[in-house]
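# Structure assessment
Okay, here's what each chain looks like letter by letter:
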Amino acid sequence: MQNAASKVNVAAATGAIQGVLGLGAVSYGLYHALFNVEGGHRAIVYNRAVGIKETSYTEGTHMMIPWIERPIIYDVRSRAHQVSSTSGSKDLQMVNLSIRVLTRPDSNKLPQIYRELGTDFNERVLPSLIHDTLKSVVAQHNASELITKRENVSLQIRNMLIQRAKTFHMILDDVSITALTFGREYTAAIEAKQVAQQDAERAKFIVERARQDKKSAVIRADGEARSAKLIGEAISTNPAFLTLRRIEAAREIAETMARSNNRVMLNADSLLLNLAEEKVTQGKH
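Residues numbered from 1 in each chain as written. Predicted model: local features only at pLDDT ≥ 70, side-chain atom pairs only at ≥ 80, totals over all residues. Heavy atoms only, no water.

Naming follows an unreviewed UniProt entry, where the chain appears as Prohibitin of Bathycoccus prasinos. Word for word, the UniProt comment on the chain under Sequence similarities (unreviewed entry) is "Belongs to the prohibitin family." UniProt lists a comment for the chain under the heading Subcellular location (unreviewed entry), and it reads "Mitochondrion inner membrane". (UniProt positions renumbered as here; feature names shortened; annotations may be inferred.)

Have a look at this one:
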């Protein structure tokens, strides 16, 4: 009886252990059979038997075969990349360009991207792609055109990058030139040209001002000559004109002295008011 009871207990214990192990195995299998895809990400699955599956998995929780399959997660949000490049322009000037691009992988082409480029596709493709594009576009323009037609150059770079990025299953959301500088010699030549233009404008202004001053002097001299002629004619035809001018001069002197804070005594000769004496003199003559 005791042997039979012990056998029953052993069998029960063994069954319980097997049940716990089975439940643990099932739980472990279920845990590893699920994977999550976070927001802004996509996933593809690698199968040990068939390789990369062609299906892309969106956000959420998905099933896979444990130990046979594993997920590969991609961030499909736009990411900014800053690349600088030195290129030669059409007129053989060295140009330093810095360009900023916003790029993301094509979520429908993730299996092809993984097969061809892996997960670090940006680092593999973008630097060489941007350098080659910048050199190609800059070589088509003179240095001055890169400044005056910067918007057109930026658009040309953008279009070429978008077309070339498509061959690598990449999408460019934005392309912009953040910095554009030239070599030291060209910069010095531009500054010297600007200084020369300013000097030329200044010289032109000085010449024009001298010409205007000359015209003003001629006009002023002509006016003074005409005035002197008219005054002479007025004096010869009307002797009272000179007397009127003396009275006006005396009045101006008197007004100036009246506004002065100092007390000044002037005689009639200083005020040009010796009109009576002059009449007597003229009468004697």
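## Quick notes on the pattern of salt bridges
Counted under the stated rule, the structure contains seven salt bridges. In this structure, Glu-54 engages Arg-115 in a salt bridge whose closest nitrogen and oxygen atoms are separated by 2.5 Å. Taken together, the residues span a long stretch of sequence, with Glu-54 in the loop between β3 (51–52) and β4 (60–63) and Arg-115 in helix α2 (residues 110–116) at a distance of 61 residues. The exposure class assigned to Arg-115 is partly exposed, which follows from its relative accessible area of 45%. Measuring nitrogen to oxygen at the nearest pair gives 3.0 Å for the salt bridge that ties Asp-173 to Arg-104. Of this pair, Asp-173 sits in strand β8 (residues 170–182) while Arg-104 sits in strand β7 (residues 94–105), and the two are 69 residues apart along the sequence. Since its relative accessible area comes to 27%, Arg-104 is described here as partly exposed. (Salt bridge = Lys/Arg side-chain N within 4 Å of Asp/Glu carboxyl O. Helix = DSSP H or I, 4+ residues; strand = E, 2+ residues; numbered from the N terminus. Buried < 20%, exposed > 50% of the residue type's maximum accessible area, 1.4 Å probe, protein only.)

## Comments concerning the pairing of β7
Here strand β6 (residues 79–88) runs beside β7; their pairing, made up of 10 bridges, is antiparallel. The residue of β7 that forms the bridge with Ser-87 is Val-95. As judged from the 11 bridges shared by β7 and β8, these two strands associate in the antiparallel manner. Across the sheet, Asn-96 pairs through a bridge with Thr-181, a residue of β8. (Pairing = 2+ DSSP bridges.)

## Observations concerning a nonpolar patch on the surface
Among the surface-exposed residues, Ile-65, Trp-67 and Ile-68 lie close enough to one another that they form a single nonpolar patch of about 310 Å² accessible area. Judged by relative accessible area, Ile-68 falls into the partly exposed class, the value being 35%. (Patch = residues over 30% accessible without salt bridge, like charges linked within 9 Å, V, L, I, M, F, W, Y side chains within 5 Å. Areas by Shrake-Rupley, 256 points an atom, 1.4 Å probe, with all protein chains shown as cover.)

## Looking at the sheet that holds β3
Across a sheet, strands are paired by hydrogen bonds formed along the backbone, either parallel or antiparallel in direction. The three strands lie next to each other as β3-β2-β5, forming an open sheet whose pairing is antiparallel. The outermost strands of the open sheet, each flanked by one partner alone, are β3 and β5 (69–75). Of the pairings in the sheet, the one linking strand β2 (residues 41–47) to β3 comprises two bridges and is antiparallel in character. Within β3, the residue paired with Asn-47 across the bridge is Gly-51.

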